[in-house]
Amino acid sequence: KIAYEKLKTKLQKEGLFDEARKKPIPLYPNKIGLITSKDGAVIADFFTNIGKFGYKISFIDSRVEGQLATEELLNSIKTFRGKDIDVLVIIRGGGSMESFLPFNNEILVREVASFPVPVLVGIGHEKDVSLLALASDMMFSTPTAVANYLNESWEQAESIITLSEQKVFRKYQNAIQENKDYIRNSLDIMKNAFQKIFNDFSK
């Protein structure tokens, strides 16, 4: 706890957690880099709540707890530096403060802070937020919350398209109805004109 607070204060003074340095999230993220463990319910929860908008998801399996987790997370993030992605997502489930030690590693935190594209971090809710989450461009309390956020703009776009389709359809229907009325009126005028000619001829 003491080490956590000391490092947090140090990084805070450097401005690593400042809102001004956080990168904006793309309006319609499509290419997603995902780092988490392939074991457990976390990855299943994420994929259950995302995927219906044709996302291209690149996944790297990494430990998220234990002595080897820091090195694996660091290598995974470095690997994604060379990939074409819109956002990087790092997720894991909840746990004790001790289990979150890898997410409070200074080297790992700096790697996230300097990552070229926005980093979204979603981990189980904790009283003490991990330093990695604080350095990320956007943090969430759960992996599911990350998935829901990524879906938001696409869902709004889907609604806008649906409304636009309805407007176009209504305009098309109105145009057809107006043309029908115009043709009907024209036929009536022609019919009356021919009837007048016929009546005049009959006289």
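Our structure is the block above this text.
Described in the following lines is the structure provided in the data block.

Structural notes on the sheet that holds strand β4 (residues 119-123)
- In spatial order, the strands read β2-β1-β3-β4-β5; together these five strands make up an open sheet with parallel pairing. For this open sheet the edge positions go to β2 (56-61) and β5 (138-140), each flanked by a neighbour on one side alone. The sheet shows a mean angle of 20 degrees between the axes of neighbouring strands, direction not considered.
- The sheet contact formed by strand β3 (residues 87-92) and β4 spans five bridges and is parallel. The residue bridging I90 from the neighbouring strand is V121, located in β4.

Quick notes on the environment of I60
- With respect to the helices, strands and loops of the structure, I60 is situated in strand β2.
- Accessibility expressed as a relative area gives 17% for I60, which makes it buried.
- Expressed as a C-alpha distance, the spacing of I60 and S76, which sit 16 residues apart in the sequence, is 6.5 Å.
- Discounting chain neighbours no more than four positions away, the residues touching I60 are L34, I35, T36, S76, T79 and F80.

Re the nonpolar core
- Grouped together as the largest cluster of nonpolar side chains are 31 residues, with contacts concentrated most on L88 and I90.
- The set of elements that each furnish at least two residues to this core consists of α1 (2-14), α3 (69-81), β3, α4 (106-113), β4 and α5 (131-135).
- Per element, the largest residue contribution to this core is five residues, and it comes from α5.
- Sequence-distant contacts of I90, defined by excluding residues within four places in its chain, comprise I35, I77, F103, V112, V119, L120, V121, G122 and L132.
- Counting residues in hydrophobic clusters, the runner-up holds 16 residues, among them F46, F53, F140 and A147.

Notes on a nonpolar patch on the surface
- There is a patch of nonpolar side chains on the surface, built from Y182, I183, L187 and M190 and spanning about 450 Å² of accessible area.
- With respect to the helices and strands, L187 occurs in helix α6 (residues 143-202).

What to know about the pattern of salt bridges
- Taken as a whole and assessed by the stated rule, the structure comprises 11 salt bridges.
- Between E111 and R81 there is a salt bridge whose closest N-O contact spans 2.6 Å. Taken together, the residues E111 in helix α4 and R81 in helix α3 connect sequence positions 30 residues apart.
- E106 serves as the salt-bridge partner of R110, at 2.9 Å between the closest nitrogen and oxygen.

What to know about the packing of aromatic side chains
- On inspection of all chains with the given rule, the structure shows four aromatic pairs.
- Geometrically, the ring pair formed by F46 and F47 is edge-to-face, given 5.9 Å between the ring centres and 85 degrees between the ring planes.
- You can call F46 buried: its relative accessible area is 0%.
- For F47, a relative accessible area of 38% corresponds to the partly exposed category.
- Look at F140 and Y149: their rings are 5.3 Å apart centre to centre, the planes differ by 45 degrees, and that puts the pair in the tilted class.

Conventions we followed
Residues numbered from 1 in each chain as written. Predicted model: local features only at pLDDT ≥ 70, side-chain atom pairs only at ≥ 80, totals over all residues. Heavy atoms only, no water. Pairing = 2+ DSSP bridges. Helix = DSSP H or I, 4+ residues; strand = E, 2+ residues; numbered from the N terminus. Axes fitted to C-alpha atoms, helices over the stretch in contact; angles between N-to-C directions. Buried < 20%, exposed > 50% of the residue type's maximum accessible area, 1.4 Å probe, protein only. Contact = heavy atoms within 4.5 Å. Core = buried A, V, L, I, M, F, W, Y, C linked by side-chain atoms within 4.5 Å. Patch = residues over 30% accessible without salt bridge, like charges linked within 9 Å, V, L, I, M, F, W, Y side chains within 5 Å. Areas by Shrake-Rupley, 256 points an atom, 1.4 Å probe, with all protein chains shown as cover. Salt bridge = Lys/Arg side-chain N within 4 Å of Asp/Glu carboxyl O. Phe/Tyr/Trp six-rings, centres within 6.5 Å; stacked < 30°, edge-to-face > 60°.

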